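Examining the three-dimensional arrangement
Read off the chains here:
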Amino acid sequence: MKWRKVGVLMGGISSERDVSLMTGEAVSEALDVLGYDVQKIVVGRDVDRALRNVDIDVAFLALHGKYGEDGCIQGLLELLGIPYTGSGVLASALAMDKIKAKEIFRLHNIPTPPYYVVDAQSAGWLADLHGSFGFPVAVKPRSEGSGVGVNVVRRMDDLLDAVEAALAWDDQVLVERWIQGREVVVGLLDGRVLGAIEVEPARATYGFTLEPGLGAGASVHMPARLAPTRYRCVLTLAERANRVLGCESASRVDLIVTEGENEYVLEVDSLPVLTAESLLSRIATGSGYDFPRLVQSVLDCARLHSSAALRTEILYGQAGRDATAEVASVPVLKLTGTGR
């Protein structure tokens, strides 16, 4: 074993806490079966103190949502010199930020649905801003996951309500053109494409808002029901989207595939739900990974992403980590800005 003592970080303080606890319990059970010394760390606002007081070799991130997959916890782990699973600080932040991710997609000629951005100030002239953009549209908070605050709007009379509801979750809102087509998820592991699965919801959800439960009446088709040529195109597009954001370890890419032979990337999830029944696990099963093996493979990708932190670990070992932890304990470092 490369690592022996594994801390599974779960819970968190985002709107996706319950989903994270599900992932954490599933991962912890799998690691226990694999023979690791597992420490469950339920993350709260005192996570910095908790990490300094626990004896672990590596952190397995089972967190979702803000502060968990947006680069915040990743940055803290870099400071503490604790290797961790998932992507690094920058890639995590970019993947979580729907607006910045779409800007990068467009820069690299990766097709993504047209959109515009609304904040509290511009919401006052929403009708002028929307103009001839058309309907239906999907309204999404800038940096939330699992469909939090997402609404599908089909007429102007409902748009302002949807924007205001989304602004309750974030300072900026994405208004994205609805693209009619098949909802396809591509799974990747350490940059390698595992396959694609198709989600057929019982009702319009747009953006895979119902994972992990998927909702009553939803159907899942593995592999996705696409012609071989289109299937390969979807896998290639997903790999490109994942690569331009710099995502590593396990990730999933959500796409819309239209009948007119067009594919659109919606977003990249840098810390996808990881249970035996999650979409990523089902995709991995099609590539020969049972759930414990998938968890093991994710753990094998764990590392420090900062060159300085990695250099400290290599040169000074535990002494370097202790010194980093001492610096991180200075009261100036605040995670929440509350002073607590």
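The preceding data block contains the structure.
Thresholds, definitions, all that
Residues numbered from 1 in each chain as written. Predicted model: local features only at pLDDT ≥ 70, side-chain atom pairs only at ≥ 80, totals over all residues. Heavy atoms only, no water. Pairing = 2+ DSSP bridges. Helix = DSSP H or I, 4+ residues; strand = E, 2+ residues; numbered from the N terminus. Axes fitted to C-alpha atoms, helices over the stretch in contact; angles between N-to-C directions. Parallel < 35°, antiparallel > 145°, perpendicular 65-115°, else oblique. Left-handed = near helix turned anticlockwise from the far one by under 90°. Contact = heavy atoms within 4.5 Å. Nonpolar A, V, L, I, M, F, W, Y, C, P; charged D, E, K, R; others polar. Core = buried A, V, L, I, M, F, W, Y, C linked by side-chain atoms within 4.5 Å. Buried < 20%, exposed > 50% of the residue type's maximum accessible area, 1.4 Å probe, protein only. Phe/Tyr/Trp six-rings, centres within 6.5 Å; stacked < 30°, edge-to-face > 60°. Lys NZ or Arg CZ within 6 Å of the ring centre and 35° of its normal.

Attention now goes to the pairing of strand β2 (residues 37–43). The two faces of the sheet receive side chains in turn, since in a regular strand these alternate between them. Alignment of strand β1 (residues 5–11) against β2, held across seven bridges, turns out to be parallel. Bridging across to β2, leucine 9 finds its partner in isoleucine 41.

Phenylalanine 135 connects to proline 136 through a cis peptide bond whose omega is -5°. On the secondary structure map, proline 136 appears in the loop between α6 (126–130) and β5 (137–141). Of note, the bond from methionine 222 into proline 223 is cis; its omega dihedral lies within 30 degrees of zero at 0°. As for its position among the elements, proline 223 is in the loop between β10 (219–221) and α8 (228–245). Even without being a glycine, tyrosine 67 presents a positive backbone phi close to 70°. Tracing the chain through its elements places tyrosine 67 in the loop between β3 (58–61) and α3 (72–80). Of note in the backbone geometry, asparagine 109 takes a positive phi value of approximately 60° without being a glycine. As for its position among the elements, asparagine 109 is in the loop between α5 (98–107) and β4 (115–119).

Helix packing for two helices is described by the angle between their axes and how far apart those axes are. Packing of α5 against α8 leaves a shortest axis separation of 10 Å and a crossing angle of 115°. Taken together, the axis directions place α5 and α8 in an arrangement best described as roughly perpendicular. Along this stretch, α5 crosses α8, giving a crossing that reads as right-handed. Contact residues: Ala101, Ile104 and Phe105 in α5; Ala241, Val244 and Leu245 in α8. Taken together, the residues of the contact of α5 with α8 sort by class into six nonpolar, no polar and no charged.

As a further point, take the nonpolar core. Judged by nonpolar contacts, the single largest core of 30 residues is most densely connected at Leu31, Phe60, Leu274, Val295 and Leu299. Those elements that provide at least two residues to this core are β1, α1 (17–33), β3, β8 (182–189), β9 (192–200), α9 (279–286) and α10 (291–300). Of the residues forming this core, the biggest block, five residues, is contributed by α10. Aside from chain neighbours lying at most four places away, what touches leucine 274 is Thr23, Ala26, Val27, Phe60, Leu280, Ser281, Phe291, Leu294, Val295 and Val298. Residues Leu226, Val234, Leu255 and Val268 belong to the second largest nonpolar core, which totals 26 residues.

This part takes up the side chain of asparagine 242. Its location among the elements puts asparagine 242 in helix α8. What asparagine 242 contacts, discounting residues up to four positions off in sequence, is Leu188, Cys247, Ser251, Val253 and Val268.

Here we come to the packing of aromatic side chains. Applying the stated criterion to the full structure yields one aromatic pair. Residues tyrosine 116 and phenylalanine 133 carry aromatic rings whose centres are separated by 5.1 Å and whose planes lie at 85° to one another, so their mutual orientation is edge-to-face. Placement of the pair is tyrosine 116 in strand β4 and phenylalanine 133 in the loop between α6 and β5, with a sequence separation of 17 residues. For the pair tyrosine 116 and phenylalanine 133, a shared accessibility class is recorded, and that class is buried. Sitting over the ring of phenylalanine 133, arginine 177 keeps its end group 4.4 Å from the ring centre. Geometry around tyrosine 289 places arginine 293 over its ring, the cationic atom sitting 4.1 Å from the centre.

The pairing of strands in a sheet happens through backbone hydrogen bonds and is either parallel or antiparallel. The four strands lie next to each other as β4-β7-β5-β6, forming an open sheet whose pairing is antiparallel. Edge strands, defined here as strands with exactly one partner in the open sheet, are β4 and β6 (151–153). Strand-to-strand, the axes of this sheet are offset by a mean angle of 25°, without reference to chain direction. When β5 meets β6, the two strands line up antiparallel, connected through three bridges. Bridge pairing in β6 links alanine 138 to valine 152.

No statement about biological role is implied by the geometric values presented.
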